[in-house]
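Each chain, letter by letter, is given below.
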Amino acid sequence: MKIYAARVCDIPNRLYEHIFHLINRQRRGKVTALKHEKERLRSIWAGLLLRYAFLAEGYGEELWQRVEIVEGSYGKPYLSGYENFFYSLSHSGEWVICAVDDVETGADIQEIGMLKMAVAKRFYAKEEYDRLLGHEDDSEKQTDDLYKMWAAKESCVKLTGRGIGAGISRYVTDSAYTHIKDIEENSLFFIRLYEEIPNYIICVCSRRERFPERILIPDLVNNVFNMGGEGTC
């Protein structure tokens, strides 16, 4: 598994059309349909990061230009014809991430915000909510754990493709954040948290315990697209 991250940057007008056509065809349609500029930028950079990961795995630009994304069970996206290339994209705040592996994977990034105990009480398993209550004297720890739980749950539903609509309380994290269990199907998944980006939590989920030690942050702005520093992060 590899996990790539990139900060969402403004794109100079003179380069927008060129960069827009670097992302895959389906994402171009999605970007065009988005109403807000920030949402369009996040989607573009997610597509650029997927392209970067694809090329980094040794596939060529010609193959990328022919990539077709199809939907599997529950609408989860796949690259058609690439049985050993699985990916998961996520974005939050100013960052996007892309996890790739030769087996199914799920990834999520969460910008740490306000403490939302009412949300935890409603959607988290009782043991998780009780775990949060145990940190009432440490609001920072309580907030961090709340977002760690949410990122873990999101990464798991992205792996399975079910989405949070299937119910998020069914996915229960352990206190060490090494596993997450689907209590309805009695299935166990491995997870790993990364906190290398300040004020953000990243979690990846897999059916096997093989995670990288660090996330990778390529310089897409200057090195990959030769934007000469014109993109502003």
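Above this text you will find the structure in question.
Residues numbered from 1 in each chain as written. Predicted model: local features only at pLDDT ≥ 70, side-chain atom pairs only at ≥ 80, totals over all residues. Heavy atoms only, no water.

Visitor: Help me understand helix α2 (residues 25-33), please; the structure alone is not making it clear to me.
Guide: Side chains of residues three or four places apart in an α-helix project in the same direction, reflecting 3.6 residues per turn. All of the buried residues in α2 are Arg 27, Arg 28 and Val 31. Looking straight down α2, one finds that the buried residues subtend no more than 105 degrees of arc, so they occupy a single side. Opposite its buried face, α2 presents the exposed residues Thr 32 and Ala 33, each directed more than 90 degrees away. Considering only its buried residues, α2 is in contact with α1 (13-20), α3 (37-56) and β4 (86-92). (Buried < 20%, exposed > 50% of the residue type's maximum accessible area, 1.4 Å probe, protein only. Helix = DSSP H or I, 4+ residues; strand = E, 2+ residues; numbered from the N terminus. Arc of directions from axis to C-beta. Contact = heavy atoms within 4.5 Å.)

Visitor: Would you take a moment to explain the side chain of Glu 128 for this structure?
Guide: Relative to the helices and strands, Glu 128 resides in helix α6 (residues 126-133). In this structure, Glu 128 is in contact with Met 149, Lys 153, Tyr 171, Val 172 and Thr 173, ignoring residues within four places of it in sequence.

Visitor: Can you help me understand the packing of α6 against helix α7 (residues 139-160) in this one?
Guide: For any two helices packed against each other, the geometry comes down to the angle between their axes and how far apart the axes lie. It is at 9 Å that the axes of α6 and α7 come closest, and there the two elements cross at 155 degrees. One way to sum up the angle between α6 and α7 is to call them roughly antiparallel. Two secondary-structure elements touch here, α6 through Glu 128, Arg 131, Leu 132 and Leu 133 and α7 through Gln 142, Asp 145, Leu 146, Met 149 and Lys 153. Split by residue class, the contact of α6 with α7 holds four nonpolar, one polar and four charged. (Axes fitted to C-alpha atoms, helices over the stretch in contact; angles between N-to-C directions. Parallel < 35°, antiparallel > 145°, perpendicular 65-115°, else oblique. Nonpolar A, V, L, I, M, F, W, Y, C, P; charged D, E, K, R; others polar.)

Visitor: What is the right way to look at the packing of α2 against α3 in this model?
Guide: Contact geometry for α2 and α3: axes closest at 9 Å, N-to-C directions at 170 degrees. Taken together, the axis directions place α2 and α3 in an arrangement best described as roughly antiparallel. For the pair α2 and α3, the contacting residues are Arg 27, Lys 30 and Val 31 in the first and Arg 40, Ser 43, Ile 44, Ala 46 and Gly 47 in the second. When grouped by side-chain class, the residues that make up the contact of α2 with α3 number three nonpolar, two polar and three charged.

Visitor: For this particular structure, what's the right way to read the sheet that holds strand β5 (residues 95-101)?
Guide: Note: strands within a sheet are paired through backbone hydrogen bonds, in either parallel or antiparallel orientation. Across the sheet, which stays open at both edges, the three strands sit in the order β1-β5-β4 with antiparallel pairing between neighbours. The sheet is open, and its two borders are formed by β1 (2-7) and β4, each paired with just one other strand. Here the strands of the sheet are splayed against their neighbours by 15 degrees on average, with no regard to which way each runs. Summarising the sheet, β4 and β5 pair through seven bridges and their orientation is antiparallel. Bridging from a neighbouring strand, Ser 92 pairs with Trp 95 of β5. (Pairing = 2+ DSSP bridges.)

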